[in-house]
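Descriptive structure summary
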Amino acid sequence: MANLKLKQINKIYDNGFHAVKDFNLKIEEGEFIVLVGPSGCGKTTVLRMIAGLETITDGELYINDSFMNHMAAKDRDIAMVFQSYALFPHLTVYENISFPLKINKLSREEIHNKVKEVSEILEIESLLNKKPSTLSGGQKQRVALGRAIVRKPKIFLMDEPLSNLDSNLRTQMRIEISKLHSKLDATFIYVTHDQIEAMTMGTRIVIMEDGKIQQIGTPQEVYENP
Ligand code: ADP
Ligand code: ADP
């Protein structure tokens, strides 16, 4: 698990656009933070700066009290799941999930055990030999989650992971992701524009507008006293 501190973070893109403005947030170990707000308000930019995929123009990012601004993405112990599943089409489900482990040079047996554990948690054991093109949207998203959790990252970033799914499947996956959060000992930061997702999954909700934090609170605080 990890705690994070975002101190006075700003992002100005190369074209001069000021996408994130004086963003201050402390995230405790094991929280499930949901970032909500209209399209274009800067949610993805915040996630990408935490992941190290986007530079921080100004301000400071700390993870477990270490200054992270200049740490390479691959050294951050963070996994990210996207709206588009970003699975490798030519690899089987087994190979997709084991991919991050192969990069870390684990033994075949260790890889096998970890893929088995993850596929049991996500109930995708029967899909291991299939190619992504033969899977449903919900199955693909489970595989993408599997590939993200198999390394046991201490921080889990998710960018609208359910927005390509139909509403029944969304409900089901919401429950799955909440379960994962309680099983995994990880800190989750989840971007959505869906209020139901925010209310049912978040320990705290951060509402953004025009690059700035507008409100922070528990689901009750945010939606009962707007
Ligand atoms: P959200 O995730 O809330 O929809 P984003 O963080 O993706 O918002 O984008 C915030 C703003 O920054 C948007 O206006 C977007 O057009 C702009 N933006 C995103 N990426 C870039 C970029 N590489 N260069 C310039 N502007 C960008
Ligand atoms: P290699 O490095 O030779 O590709 P891997 O450790 O990735 O070896 O596994 C060998 C093959 O066995 C892979 O192609 C993988 O798809 C398959 N495999 C291993 N375990 C399972 C499993 N539990 N279910 C499905 N396929 C598996």
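Residues numbered from 1 in each chain as written. Chains lettered and ligands numbered in written order. Predicted model: local features only at pLDDT ≥ 70, side-chain atom pairs only at ≥ 80, totals over all residues. Heavy atoms only, no water.

The local shell around ligand 1 consists of Y13, N15, F17, A19, P38, S39, G40, C41, G42, K43, T44 and T45. Between ligand 1 and the protein, one listed contact pairs an oxygen atom with a backbone N or O atom of G40 at 2.7 Å. The separation between an oxygen atom of ligand 1 and a polar side-chain atom of K43 is 2.9 Å. Compared with its free state, where it exposes 570 Å², ligand 1 has 63% of that area covered by protein. Broken down by element, the shell around ligand 1 gets its largest block of residues, 3 residues, from helix 1 (residues 43-51). Taken together, the residues of the shell around ligand 1 sort by class into 5 nonpolar, 6 polar and 1 charged. (Near = heavy atom within 4 Å. Polar contact = N/O pair within 3.5 Å; in protein donor to acceptor, adjacent residues only side chain to side chain. Areas by Shrake-Rupley, 256 points an atom, 1.4 Å probe, with all protein chains shown as cover. Helix = DSSP H or I, 4+ residues; strand = E, 2+ residues; numbered from the N terminus. Nonpolar A, V, L, I, M, F, W, Y, C, P; charged D, E, K, R; others polar.)

Here the largest pocket is characterised by a volume of approximately 670 Å³. Every residue lining the largest pocket is counted, 22 residues in all, and those nearest its centre are I78, A79, M80, P100 and R151. Counting residues per element, the ones that place at least two in the lining of the largest pocket are strand 6 (78-81), helix 2 (93-103) and helix 4 (137-149). Ranked by residues supplied to the lining of the largest pocket, first place goes to strand 6 with 4 residues. Classifying every residue of the lining of the largest pocket by side-chain character gives 16 nonpolar, 1 polar and 5 charged. As a volume, the second largest pocket reaches approximately 150 Å³. Breaking the lining of the second largest pocket down by element, the ones donating at least two residues are helix 3 (108-121) and helix 5 (167-184). By residue number, the principal contributor to the lining of the second largest pocket is helix 3, which donates 3 residues. Tallied by class, residues from the lining of the second largest pocket come to 9 nonpolar, no polar and 5 charged. (1 Å grid on protein atoms, 1.4 Å probe; cavity = no way out; pocket = protein on both sides within 12 Å on 5 of 7 lines; lining within 4 Å. Points joined across faces, edges and corners; volume = space filled by probe spheres on them.)

Another aspect to go through is the sheet that holds strand 3 (residues 32-36). Here 6 strands make up an open sheet; going across it, the order is 6-7-8-3-9-10 and the pairing mixed. The two strands at the open ends of the sheet, each matched to only one other strand, are strand 6 and strand 10 (212-217). When strand polarity is set aside, the average angle formed by the axes of neighbouring strands in this sheet is 20 degrees. Note: strand 3 against strand 8 (residues 187-191), 4 bridges, orientation parallel. Residue I33 lies in a different strand from strand 8, and its bridge partner there is I189. In this fold helix 1 packs onto strand 3, strand 6, strand 7 (155-159), strand 8 and strand 9 (204-209), with an angle of close to 150 degrees to the strand it touches most, strand 7. Along the sheet face, helix 5 touches strand 3, strand 7 and strand 8 and points at about 155 degrees away from the line of strand 8. (Pairing = 2+ DSSP bridges. Axes fitted to C-alpha atoms, helices over the stretch in contact; angles between N-to-C directions. Contact = heavy atoms within 4.5 Å.)

Structural measurements only, silent on function.
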